[in-house]
Each structure stands twice: as structure tokens, then as C-alpha cells.
Amino acid sequence: MPLASDTRHEFGGLFSLYEWVTIVTAAVVFAVVLFAAVRYRSRPGRQPSTRTEANVVELVFALVLAGVIAVLVHGTFTTENRVDAIAAGVQTRVEVTAFKWGWRFAYPGTGVSVAGDNEHPPTLHLPVGEPIVFVQRSRDVVHSFWVPALRFKRDVWPDATTRFELTVERPGTYDGACAEFCGLHHTDMTFKVVAESHAQFQKWLASR
Amino acid sequence: MIGRGPVALLVWAGMLGVFVAIQFVFSTNAYYWGLLGGAAVATAAIAGFYLLRPPLRPVEYVPEVSYATVAVAAGGAVAIIGIPFGAWLYLPGLGLLVVGLAGVVRELRAERSAR
Amino acid sequence: MAGLSVTSVALERPRPSGLVGWLASTDHKRIGLLQMGGTLVFFIASGVVALLMRSELAHPGMQIVSRQSYNELFTVHGSGMVYLVVTPLALAVGIYLVPLQIGAAEIAWPRLTLLGLWLFVAGGVAIYFGFAVDHGAARSGWFATYPLSNSAHSSGKGQDLWICGVFLAVLGNTIQSGTLLATILRKRAPGMTMARVPPFTWTMLVTVLLAITSFPVLLGTMAALEWSRLYGGVFDGQYGPVAYQLLFWFYGHPVVYVMFFPFVGMVAEAVSAFSGRRFFGYKGFTLSMLLFAALSMSVWAHHMFATGRINNEYFSLTSTMLIVPAGLEYFAVIGTMIGGAIVFSTAMLFSIGFLLLFLIGGLTGIIVASPPLDYHLTDSYFYVAHFHYALFAGSLFGFFAGVFYWFPKVTGVLLRESLGKLQFALMFIGANVTFFPMLILGYEGMPRRVATYPSKFTALNVVETVGGFVIALGVLVFLVNVVLSLRRRIPAGDNPFDGPGLEWWTVSPPPRLNFTSLPPIRSYAPLYDLRNDPK
């Protein structure tokens, strides 16, 4: 069953739609502009048109644009519902604490936690193929938890706890970064993500 | 189409009102309707103000320079910049601001009597 | 021939000569030009800052500046460009042109307009003075996110100077927006109904509506932020930091349209003149400008999609709806080209460049208007590319289209077309070389506001740095062109490009009270009407 919180997959599908619309629109506009520039350049004896409007064409055009909006908004809303949803009864949870300038990742119920800073960035171990709920909070300013390979970031707040759910499909080592400017060492407030099989993950937990 | 300027403002205020109304399908957060609704109301108020204004006088006088205005700007700026620095800065700023405002009043009075 | 029914008479005092006559002048033309001059100074300063940043980013690791300095640099670059360059420039072009376009002798409330100019200048000085104080200039970004911008996390007077400077500049902008609105509503010449107001003035009308209804929120927010720094409270506590962002972005989104609409107007006018025909689709254009502005007031929390603390759906809906008015605006401008007799002047080249490159800004904007896509792309270099395409390759290209069109009216002489085309080529190439790779870098995971990066991002960063210097070269060519054209003067006459608007009726440069007579006003292109039907 396709996992809703496979954010990389969800992003990929929706981005394809937007990419397609973007490229077609750009191609059409570029073509029309360059065609107009060439076709209607000033030549001896050329009289400009005195036409001042084309209301029917304009109205049809506006309706086409409205149709494009409907398609994009539909795709966005349905994808977002899946990405933002947090399923009940998820086994694996990670508590994220962000601070100037590092991260602490704790696994509630296991007694295991990993912490690091801008000089020694921490590594976040995650099991692949299953939903993981993240609960995060900041100790000071607003930070943002970003794993580009998962196509997802979420701001970390000092005044409230926020939650989201992710699923990592492919094992591997990924980069993570803070994506909300937070002061002097924002640049170095990075972390690594190691996504591994469930068995390897349990083994790692047990070893801590 | 639109013959009178303030009507364009009312149309715009109406558009803002529509976007406020759409908000309620999704959220009742007071920041959302307060800010956008406030903008709609402010625009309608400005439109009303202009609709009720009398027409311009047939002859208007314009000044050439206004040193007093520059003093108002300088005084106001120093006063505001002075807030985090302390009274030694914002008091002189306020002083210059007051002098500038007095100068503007004088300029406006001179204009009125010259008419 | 209709005459002026409202006559303005200058007070009987000879105009003071020299510098004083300029600095305290209540002539809207002088105020507009001084303000443009001020924004040019701040533009060069922000540009030098950008070149410093790009030089630092040409190689991973820190070679030129420290991390703290880099944070000051990007804060001042962004703040400078938004608060001290493009926004005051957008208003300055309106202050100069609107009274001329509507057949008025003067702007409404000239003293307030002058006040706005000096408040803006004072604000800019305050921001840059931060470099001279302990702890350096502000370094919490151009939007000063809370709590990063509070006294605990951003100590030093540099941040306070920034807050005061931003307050002053935006206060000046707001006051000038008021005087422009009064001018458009009250000082149109007889016969100029709203349906006959030229396209540029229409774009100025919606611009000042945005400014008047959103800028005061920024003023209140900055005052509250400074209060917070001095006495604490306000944005602390539950929801406080979110409230700060909601209030800031209620200004922060409309301001980017304030920085855009007047330049769309400039492109509309330049395209009309250099296509040899009146602007096409005027009714659709003006209605869609109103819709564009109304929507731009309604989208602001789209800057907060990745926060998890706002209603993403509403703001994503209104943001995506922007496609309609944007598309209609393109329809009108391209519709003017189609059926025209196009002359490829520098103004026309910059207009075409605007159409092509702003489109990239707009389309990438639609991409990030989708929260699931924004979750990945926001706060990355993809975003940096988006807004630079929109503001540099969009607004500033539109500005240069306007400069090459209206410079003869302002000065009475022509700009060199050869240098203009060279400038266009440098800026077109430079913009794409600098900003296109950022789309890739952001997608690949490079965050924004970083002083260094992993070595895998090096190659594209080097390319971008080269592009930055190409743009700088283009700016230099422009400055040379202006100086040369003012020194070795080629007289332009009243209407060298056969423009349609009232500003072309008067002499170049216009006299103190703009007009000694006016033609009949029967449409938004009165001089074309006169040419076709000289009754």
C-alpha cells in the first residue's frame, strides 16, 4: 500500500504536474512573444492595427487560465492532505530538539538520544519503509528541519510543539540542514540521516 | 467604465471583501480576517472620504521650497532613531521636529494670506 | 482646444538656485529625481554588498569575510534592495510621471511628498550606520524573524538602527503613497475620466492602494519589535512568533507587488509607443490590475507554508489564483505588440526581456504556491532564484525600459542606443547566468542565507558569481551612458518616440508647472487621437 508520508514520492508526482504546466506555458509565451517581435517588426509601409481589444478571446483565455488553476489546486490539495496527515498508532517516533546551533534526536520509550552541534553534527538513524512521527520543538529561535532527499522541511518553534510524519523509502545516507536562518552558525547547523532496514535500526538502538 | 476615481477604490474594497469571505471556508483565524478585512474597510473609508470632498478650488497656490518640511523630516528621523539611544538624542530630535512643524504652519498661513 | 480650468500659480518668490533649490524643492519632478538618485546610491551600495557575497560564495569555506560579516551583508543587501531601492524607486517614478500623465500642474500635498523623500533617506542612513556601531549592522535578515531579532539573540544597536531605519523609510513611502492617491483622484485634467487614465497611472493607482493598506501594519510591527527589544513582551509567549510573521508578511507580500506594478506600467507604455499603437485590451488590463492587487493582499501567509502553523489551503488557493490577472496582463502587453510596427529600441528590448524573464519569476512563484512543493523549495536557493527573476529580471528590466523611453522627456536629450543595447545584452545574459543555476542548487538542497556550502555545490556557485559580475558590468555601462548623454547632448525634442500620453505634449524637460496648455482628452492615448483627428 503506498504510504502517504512518502514525501519524496508525493513531491515527485506533484512536481511533475507543475513542471509540465510551467514548461508548456513558458514555451507558448516565449514562442508568441518572439513570433510577434519578428512578424510585426516595423517595415516601410507597415501600418499598425487600430484594433483596441479582443474581448471574446480574452474571456476564453481567462477561462482557460481558471481551468489551469483548478487542476493545479486540485493536485495540490489532494497531495497536501496526504503529506500533512499523521496516522494514528505509529510505532516509531523521534523527538527533535533544535537549538543554536545543533540538533538533539531522541527516541521516546527507548532511552536513546543523539545530539550534536555545528562542529560535530549528529546523525539521525531511521528505519526505512515505515511511517515515523516527528515531534519537534526549539530551545531558542525558529529553526527548520530539512532533509532535501525527502523533499520536506518543517519549521521548529520555541513556543509550541509541531508534528509531522515521514516515510523513507530507500536506504542510504542523506544530508540534513537547518533551513531557517538562526544566527551565526546557521550555515553549519547540519545533520546526517542514516536510513536502514528495520533490523539494522533495532540493532543500532540496542547498541546505544 | 469607471467615471469617478473613488468608485475604483470601492470596487477594490469589494474584491478584498470577497477574499475575506472565502477565508471562512477554510479558517476563522482573527489575524486573517482582521488584517484583510481591515484593509477592505480602510479602503472603503478612503473612498467615502473622497466622494464627500468638495471640488478643488479654481486657483491653487503651490510653494517653491519648504525648508520647514526638511526640518520636520530631520527632526522626526532623529527623534525616532533616538528612541533606542536615549533622551540625549530623541529630545533634540523632538525639538527640531516641533520647530519644523511650526515652520510648516507658518508657510501654510503665508500661502492662505497670499491668496 | 480645452484649456486648464484649474490653474496653479507659484508663490511669488524666485526659485532658490543651486543645491538648496533642489533639496527643499516642492516640485514633484525634482522630488522624484532626487529620490531616484537616492535609490541609485543605495542600489550601488547593495550591489557592491552582493558582489562581496558572491565573491565569498565562489568557493566553499570562508575566504573574504567572517560568518558574522556575511550575515550582516545578506541582511543589508536584502533590506537595501527592498526598503531603500525598488520600493522608493517605484514611488519616485510615479511622483515624477503621474502629474504629467494626468495633465496636472503639480502633485497633491507637495510638502508631504518632500517629507517622504527625506524620511526615506534618513532611514537608509540609519540602516547603513549599523556597520559603524558595536556588534555591527543588523544580521537577522530583511524580515527580522522573531525571536532571532530580539535583544537576546541580536544584541547591539545595529539591529535597533535597522528597525528605526526601516520604520522611517516605510513611513516615507506610506506618506508618498497618500499624496499620489490624492493626485490621481483629484488632479486629473478635465476630460480625463478614470477610463482615460493611461496604463502607467493605473498601475500606480493600485500600487498606492497596496501601500496605504499594508505599510501601516509594518510600521506597527516594527514599533512593537523595538518595544520588545527595549522592554520585552509583545511577541513572546504562545503564538507570539507566529503573530510576528503574520503581521510582517501582511506588509511583506504586498510590498513585492508595490515593487512590481509600476514597472509593468512602464513596460505597457514603452511597448505601446514602440509598437506604434495605443495600448491593447485596456479594459481587461485595468480590471485585472485591480484583481491582481486585491489577490496580492490576500496571499501573504504563503511565506509561512513550512511553518505548520497556518491554514495552507486558503493561502495556496489565493496564491495560485494570481495566474488569472498575470495572464491577462501578458495578454494586453503582447496584444499591443501583435499588429504593431515594432521598433527594437533599447526600451523595447528591455520590455521583451521583462516579458520573458519575469515569466520565469512568475512560474516559479506558482510552483512555490503549492505547499507540498514549497515544503522542499522554500528557504532554499530555488526561492532566491524566484524572487530575483521577478525583481531584477522583472521589475528592474521594466524600470530600464521606462528609463530609455522617458529619459528624453526628463532631460531633453537622448540616451545612447548603442550603449543601451550593450547594457541589455550584459544584463540579460548576466541575469540568467546568475539566477538560473540557483533553481538547480535549491532543488538539490542548498539552503539560503548560508555563508558556505558542501563542495558538491561549488561549480554552479562559481557560475553564479561570474554572472553577478556581468550584471555589475551592465550597471556600469548604464552609468557611463547617462553621464555621456548628459555631457555630449543630443537634443530630443518634445516627443522623439511618438508617445501617446499627455507627458509628451509638453516641452522636454517640462517647465515648473508642467503645462501651458492641454490637448483635448478623448481616451487614454490623447496624442494619438489628436494625430488621427486634429479637431
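Residues numbered from 1 in each chain as written. Chains lettered and ligands numbered in written order. Predicted model: local features only at pLDDT ≥ 70, side-chain atom pairs only at ≥ 80, totals over all residues.

## Concerning the overall build of chain C
Here comes step 1: The secondary structure content of chain C amounts to 18 helices and 1 strand.
Here comes step 2: For 535 residues, the compact-globule estimate of 2.2 N^0.38 gives 24 Å, and chain C sits close to it at 23 Å.
Here comes step 3: Per-residue burial over chain C gives 67% buried out of 535 residues.
Here comes step 4: Considering only residue pairs separated by 6 or more positions, chain C has 84% of its internal contacts joining residues 24 or more positions apart. (Helix = DSSP H or I, 4+ residues; strand = E, 2+ residues; numbered from the N terminus. Rg over C-alpha atoms; globule rule 2.2 N^0.38 Å. Buried ≥ 20, exposed ≤ 12 C-beta atoms within 10 Å, placed from the backbone. Contact = placed C-beta atoms within 7 Å.)

## Structural notes on the overall build of chain A
Here comes step 1: Each helix and strand counted, chain A has 3 helices and 10 strands in total.
Here comes step 2: For chain A, whose C-alpha radius of gyration is 25 Å, the value lies well above the compact-globule estimate of 17 Å for 208 residues.
Here comes step 3: Across its three principal directions, the C-alpha atoms of chain A cover 85 × 45 × 30 Å.
Here comes step 4: Across the 208 residues of chain A, 33% fall into the buried class.
Here comes step 5: Taking the contacts inside chain A whose residues are at least 6 apart along the sequence as the reference set, 68% of them involve residues at least 24 apart.

## Section: the sheet that holds strand β4 (residues 123-127) of chain A
All names here are of chain A.
Here comes step 1: The strand order across the open sheet formed by 5 strands is β4-β10-β9-β6-β7, and the pairing between neighbours is mixed. The sheet is open, and its two edges are formed by β4 and β7 (152-156), each paired on a single side. Here the average twist between neighbouring strands, direction ignored, is 25°.
Here comes step 2: When strand β6 (residues 143-147) meets β7, the two strands line up antiparallel, connected through 5 bridges. Its bridge partner lying in β7, Val-147 is registered against Phe-152. (Pairing = 2+ DSSP bridges. Axes fitted to C-alpha atoms, helices over the stretch in contact; angles between N-to-C directions.)

## As for the interface of chain B and chain C
How big an interface is tends to be reported as the loss of accessible area on association of its parts.
Here comes step 1: Contact residues are listed per partner, giving 49 residues for chain B and 56 residues for chain C.
Here comes step 2: Contributions of two or more residues to the side of chain B that touches chain C are made by α1 (5-26), α2 (30-52), β1 (59-62), α3 (67-85) and α4 (87-114) of chain B.
Here comes step 3: For the side of chain B that touches chain C, the element with the most residues is α3 of chain B, which contributes 12 residues.
Here comes step 4: Within the side of chain B that touches chain C, the residues separate by chemical class into 36 nonpolar, 9 polar and 4 charged. (Nonpolar A, V, L, I, M, F, W, Y, C, P; charged D, E, K, R; others polar.)

## Here we look at the arrangement of the chains
Here comes step 1: In this assembly 2 pairs of chains touch, with chains A and C having more contacts than any other pair.
Here comes step 2: Chain A shows no contact with chain B. Their nearest C-alpha atoms sit 12 Å apart.

## Observations concerning the packing of helix α15 (residues 381-411) of chain C against helix α16 (residues 417-444) of chain C
Residue and element names in this part refer to chain C.
Here comes step 1: Their axes nearest at 7 Å, the elements α15 and α16 cross at an angle of 165°. With respect to α16, the axis of α15 lies roughly antiparallel. In the packing of α15 onto α16, the handedness of the crossing is left-handed. Between α15 and α16, the residues in contact are Tyr-381, Phe-382, Tyr-383, Val-384, Ala-385, His-388, Tyr-389, Phe-392, Ala-393 and Phe-404 and Gly-420, Ala-431, Phe-435, Met-438, Leu-439, Leu-441, Gly-442 and Tyr-443, respectively.
Here comes step 2: When the residues that make up the contact of α15 with α16 are grouped by side-chain class, the tally is 15 nonpolar, 3 polar and no charged. (Parallel < 35°, antiparallel > 145°, perpendicular 65-115°, else oblique. Left-handed = near helix turned anticlockwise from the far one by under 90°.)

## A short note on unusual backbone geometry
Here comes step 1: Put simply, Lys-100 of chain A and Trp-101 of chain A share a cis peptide bond, and its omega is 0°.
Here comes step 2: Inspection of the secondary structure assignment puts Trp-101 of chain A in the loop between β1 (92-99) and β2 (102-107).
Here comes step 3: Cis rather than trans, the peptide bond between Ser-508 of chain C and Pro-509 of chain C has omega equal to -10°.
Here comes step 4: Looking at the element boundaries, Pro-509 of chain C is found in the loop between α17 (458-487) and α18 (526-532).
Here comes step 5: In this model, Ala-144 of chain C sits at a positive phi of 50°, which is unusual for a non-glycine residue.
Here comes step 6: Turning to its location among the elements, Ala-144 of chain C is positioned in the loop between α4 (110-129) and α5 (157-186).
Here comes step 7: Note on Ala-144 of chain C: 23 C-beta atoms within 10 Å, which makes it buried.
Here comes step 8: Although it is not a glycine, Asp-379 of chain C sits at a positive phi angle of roughly 60°.
Here comes step 9: Counting through the fold element by element, Asp-379 of chain C comes out in the loop between α14 (371-377) and α15.

## Digging into the nonpolar core
Here comes step 1: Core analysis: the largest hydrophobic core is formed by 277 residues, its most contacted members being Leu-16 of chain B together with Leu-119, Leu-168, Val-267, Ala-270, Ala-293 and Ala-401 of chain C.
Here comes step 2: Contact partners of Ala-270 of chain C, with chain neighbours within four places excluded, come to Ala-347, Met-348, Ser-351, Ala-401, Gly-402 and Tyr-405 of chain C. (Core = buried A, V, L, I, M, F, W, Y, C linked by C-beta atoms within 7 Å.)

## A look at the interface of chain A and chain C
Here comes step 1: Listed by partner, the interface residues are 66 residues for chain A and 67 residues for chain C.
Here comes step 2: The set of elements that each furnish at least two residues to the side of chain A that touches chain C consists of α1 (7-39), α2 (55-84), β6, β7, β8 (162-167) and β9 (172-178) of chain A.
Here comes step 3: Counted by class, the side of chain A that touches chain C contains 38 nonpolar, 13 polar and 15 charged residues.

## Overview of the packing of α1 of chain A against α2 of chain A
All names here are of chain A.
Here comes step 1: Remark: α1 packs on α2, axes separated minimally by 10 Å, with the N-to-C direction vectors making an angle of 175°. Viewed along their axes, α1 and α2 adopt a mutual orientation that is roughly antiparallel. Where α1 abuts α2, its residues Thr-7, Glu-10, Leu-14, Leu-17, Tyr-18 and Val-21 lie against Val-68, Leu-72, Gly-75, Thr-76, Thr-79, Arg-82 and Val-83.
Here comes step 2: Looking at side-chain class alone, the contact of α1 with α2 contains 7 nonpolar, 4 polar and 2 charged residues.

## Remarks on the environment of Phe-292 of chain C
Residue and element names in this part refer to chain C.
Here comes step 1: Within the secondary structure layout, Phe-292 lies in helix α10 (residues 282-297).
Here comes step 2: Separated by 221 residues in sequence, Phe-292 and Asn-71 place their C-alpha atoms 34 Å apart.
Here comes step 3: Apart from residues no more than four positions distant in its own chain, Phe-292 is found in contact with Pro-325, Ala-326 and Glu-329.

## Quick notes on the domain arrangement of chain A
Residues and elements named next belong to chain A.
Here comes step 1: When cut into domains, chain A gives domain 1 (7-84) and domain 2 (92-207).
Here comes step 2: A separation of 39 Å is found between the C-alpha centroids of domain 1 and domain 2.
Here comes step 3: Partitioning the side of domain 1 that touches domain 2 into residue classes produces 1 nonpolar, 2 polar and 1 charged. (Domains from an automatic or database assignment.)

## Here's the deal with the environment of Phe-279 of chain C
Residue and element names in this part refer to chain C.
Here comes step 1: With respect to the element layout, Phe-279 can be found in the loop between α9 (261-274) and α10.
Here comes step 2: In the structure, Phe-279 is positioned 245 residues away from Tyr-524 in sequence and 8.6 Å away in space, judged by C-alpha atoms.
Here comes step 3: For Phe-279, the residues in contact, after removing those within four places along its chain, are Pro-199, Ala-268, Ser-272, Ala-332, Thr-336 and Tyr-524.

## Remarks on the pairing of strand β10 (residues 190-196) of chain A
Residues and elements named next belong to chain A.
Here comes step 1: Relative to β10, β4 runs parallel, the two being bridged by 5 bridges. Counted as the bridge partner of Thr-123 is Lys-192 from β10.
Here comes step 2: Bridging between β9 and β10 involves 6 bridges; their strand directions are antiparallel. Paired with Thr-173 across the bridge in β10 is Val-194.

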